[in-house]
Amino acid sequence: MQIRRIDAATVRPLRWAVLRPEAPDAESIVFEGDDADAAGHYGAFDGDDLVGVISVFAQSHPDLPEPGDWRIRGMAVVDGRRSSGIGGLLLDAVDDHVRTHGGGRIWCNARTPAVRFYAQRGFVTEGDEFLTAGDRPHHRMIRQV
């Protein structure tokens, strides 16, 4: 497995297929900040096959902002490859990216089924479960880098 920094356009098809297949196409799920210079997009490659992606952006925590906040969005691993360590490798790449850019904290809105994954990697749940667009249950999670 190789983790490489990739561009936003390369992330979007897998992000769409795994996280929002009901959206009309990959370009319909562009995230604010996708094309910012400091944004980090990483892909997990098995040979030539892209099997996982993650993006991270310099974005303040919405309730408790601190300098150096970064937000994870769009982590996705293809069916049949989850629980194989790919997500952990992608998070390692994000940690390195955030440290390189002087960040101190990472937060995300984790889908409820992913809470355990993030908790095993040191993230702490904040508040109660909430629904995002499309009625998807999430929890806000946060940790220091």
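Anyway, here's the lowdown on the structure attached to this text. Computed from a predicted model, the values in this text were never measured in an experiment. (Residues numbered from 1 in each chain as written. Predicted model: local features only at pLDDT ≥ 70, side-chain atom pairs only at ≥ 80, totals over all residues. Heavy atoms only, no water.)

## Quick look at helix α1 (residues 8-19)
Link 1 in the chain: Here α1 spans 15 Å end to end across twelve residues, near enough to the 16 Å set by a 1.5 Å rise per residue.
Link 2 in the chain: What α1 keeps buried is the set A8, V11, R12, L14, R15 and L19.
Link 3 in the chain: Considering only its buried residues, α1 is in contact with β2 (40-46), β3 (49-58), β4 (69-77), β5 (105-111) and β7 (136-144). (Helix = DSSP H or I, 4+ residues; strand = E, 2+ residues; numbered from the N terminus. Expected span 1.5 Å × (residues − 1). Buried < 20%, exposed > 50% of the residue type's maximum accessible area, 1.4 Å probe, protein only. Contact = heavy atoms within 4.5 Å.)

## Things to note about the pattern of salt bridges
Link 1 in the chain: Tallied over the full model, the rule gives nine salt bridges.
Link 2 in the chain: For the salt bridge of D35 with R12, the shortest nitrogen-to-oxygen distance reads 3.5 Å. Of this pair, D35 sits in the loop between α1 and β2 while R12 sits in helix α1, and the two are 23 residues apart along the sequence.
Link 3 in the chain: Across the pair R136 and E22 runs a salt bridge whose closest N-O atoms are separated by 2.0 Å. Of the two residues, R136 sits in strand β7 while E22 sits in the loop between α1 and β2, which places them 114 residues apart along the sequence.
Link 4 in the chain: Among the residues examined, E22 registers a relative accessible area of 54% and is labelled exposed.
Link 5 in the chain: Residues joined in a network through salt bridges with shared partners are R12, R15, D34 and D35. (Salt bridge = Lys/Arg side-chain N within 4 Å of Asp/Glu carboxyl O.)

## Considering the sheet that holds β5
Link 1 in the chain: Pairing within the open sheet is mixed, and its seven strands lie in the order β1-β2-β3-β4-β5-β7-β6. A single partner strand is all that each edge strand has here, and the edge strands are β1 (2-5) and β6 (124-132). Pairwise comparison of adjacent strand axes, ignoring direction, gives a mean angle of 25° for this sheet.
Link 2 in the chain: Bridge count between β1 and β2: four bridges; the pairing is antiparallel. Opposite R4, over in β2, you have G43 as the bridge partner.
Link 3 in the chain: Sheet strands touched by α1: β2, β3, β4, β5 and β7. Its angle to β3, the strand with the most contacts, is close to 105°. (Pairing = 2+ DSSP bridges. Axes fitted to C-alpha atoms, helices over the stretch in contact; angles between N-to-C directions.)

## Quick notes on the packing of aromatic side chains
Link 1 in the chain: Tallied over the full model, the rule gives two aromatic pairs.
Link 2 in the chain: For the pair F117 and Y118, a centre-to-centre distance of 5.1 Å together with 80° between the ring planes defines the contact as edge-to-face.
Link 3 in the chain: Residues Y118 and F123 carry aromatic rings whose centres are separated by 5.2 Å and whose planes lie at 75° to one another, so their mutual orientation is edge-to-face. Here Y118 and F123 have matching classes, each one buried.
Link 4 in the chain: Through a chain of ring-to-ring contacts, the aromatic side chains of F117, Y118 and F123 assemble into a single cluster. (Phe/Tyr/Trp six-rings, centres within 6.5 Å; stacked < 30°, edge-to-face > 60°.)

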